[in-house]
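# Coordinate inspection notes
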Amino acid sequence: MQELNARGRGDLIAGLVLIAPAPDFTSELMEPELSDAERASLAEKGYFEEPTPYGPEPNVFTWALFEDGRRNRVLDGIIDVGAPVRIIQGMEDPDVPWRHALRLMEHLPSDNVELTLIRDGDHRLSRPSDIAHILAAGDAILPGWSTAPPHALP
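Below you will find a few notes about this structure. (Residues numbered from 1 in each chain as written. Predicted model: local features only at pLDDT ≥ 70, side-chain atom pairs only at ≥ 80, totals over all residues. Heavy atoms only, no water.)

### Here's the deal with the pattern of salt bridges
- One pass over the full model with this rule turns up nine salt bridges.
- Among the ionic pairs, E28 bridges to R73, the shortest N-O distance being 2.9 Å. Highlighted residues: E28 in helix α2 (residues 25-30) and R73 in the loop between α4 (63-71) and β4 (85-90), separated in sequence by 45 residues.
- By relative accessible area, which is 25% here, E28 ends up partly exposed.
- On the accessibility criterion, R73 (27% relative accessible area) is partly exposed.
- Across the pair R103 and E28 runs a salt bridge, and its minimum N-O distance is 2.6 Å. Here E28 lies in helix α2 and R103 lies in helix α5 (residues 98-106), a separation of 75 residues in the sequence.
- Here the residues in one salt-bridge network are E28, R73 and R103, joined through shared partners. (Salt bridge = Lys/Arg side-chain N within 4 Å of Asp/Glu carboxyl O. Helix = DSSP H or I, 4+ residues; strand = E, 2+ residues; numbered from the N terminus. Buried < 20%, exposed > 50% of the residue type's maximum accessible area, 1.4 Å probe, protein only.)

Next up, the structure:
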């Protein structure tokens, strides 16, 4: 969004619906929790793998990912989106703590930022009730978007 605004094209985005957002996740959420074995693997092999409950293949985390994360931090200043923001976060998310969404809100200066915490929501937020929250958030920004055919959207 900031890049589009810098290019004078911020009008292309009506707003943002963020689902379990994890800005700066490598430095804020992952690095502090790395085991000695994971740190050693990063140093020696340039990556480490960990199993994931979301599929059969492991997640692969590379040294390059962590370096890129350091270069592109956003939680060190104001994030001027210039559009409405709706954040939806599950409080039972094992991957992104709900307090991380609160931290993100501190960096969004707009009054048009709303956070919805779903007490029993997980990382996927894929139950029908979760999806209803997501669609309602989008409709609050751009009424009718969730039912409009793609070619009819501005």
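Next, the rest of the story.
### Concerning unusual backbone geometry
- In this model, A20 sits at a positive phi of 50°, which is unusual for a non-glycine residue.
- If you trace the backbone, A20 turns up in the loop between β1 (16-19) and α2.
- A20 sits in the buried class, given a relative accessible area of 8%.
- In this structure, D24 is a non-glycine residue whose phi angle is positive, near 60°.
- Examined against the element boundaries, D24 turns out to sit in the loop between β1 and α2.

### Side note on the environment of L142
- Tracing the backbone shows L142 in the segment after α6 (128-141).
- A relative accessible area of 29% means that L142 is categorised as partly exposed.
- The sequence separation of L142 and D95 amounts to 47 residues, and the corresponding C-alpha distance is 29 Å.

### Looking at the nonpolar core
- If you look at the biggest cluster of nonpolar residues, it comprises ten residues: L75, I79, V81, A83, V85, I87, A101, L104, L108 and V113.
- Put simply, the parts of the chain that give this core at least two residues each are β4 and α5.
- Every residue in contact with V85, bar those within four places of it in the chain, is listed here: L16, L18, L108, N112, V113 and E114.
- Of all hydrophobic cores here, the second largest spans six residues; its members include M30, L34, F48 and F66. (Core = buried A, V, L, I, M, F, W, Y, C linked by side-chain atoms within 4.5 Å. Contact = heavy atoms within 4.5 Å.)

### Looking at the packing of aromatic side chains
- One pass over the full model with this rule turns up two aromatic pairs.
- The structure contains a cluster of three or more aromatic residues connected by ring pairs, namely F48, F61 and F66.
- The cationic tip of R70 hangs over the ring face of W63; the distance from NZ or CZ to the ring centre is 5.4 Å. (Phe/Tyr/Trp six-rings, centres within 6.5 Å; stacked < 30°, edge-to-face > 60°. Lys NZ or Arg CZ within 6 Å of the ring centre and 35° of its normal.)

### Some points on α6
- For α6, with 14 residues, the first-to-last C-alpha span of 20 Å sits near the 20 Å given by 1.5 Å per residue.
- Among the residues of α6, D130, I134, A137, G138 and I141 are the ones counted as buried. One side of α6 holds all its buried residues, which, seen down the axis, span an arc of 95°. Seen from the buried face of α6, the exposed residues on the opposite side, beyond 90 degrees, are P128 and A140.
- Tucked inside the fold, the buried residues of α6 contact β1, β4 and β5 (113-118). (Expected span 1.5 Å × (residues − 1). Arc of directions from axis to C-beta.)

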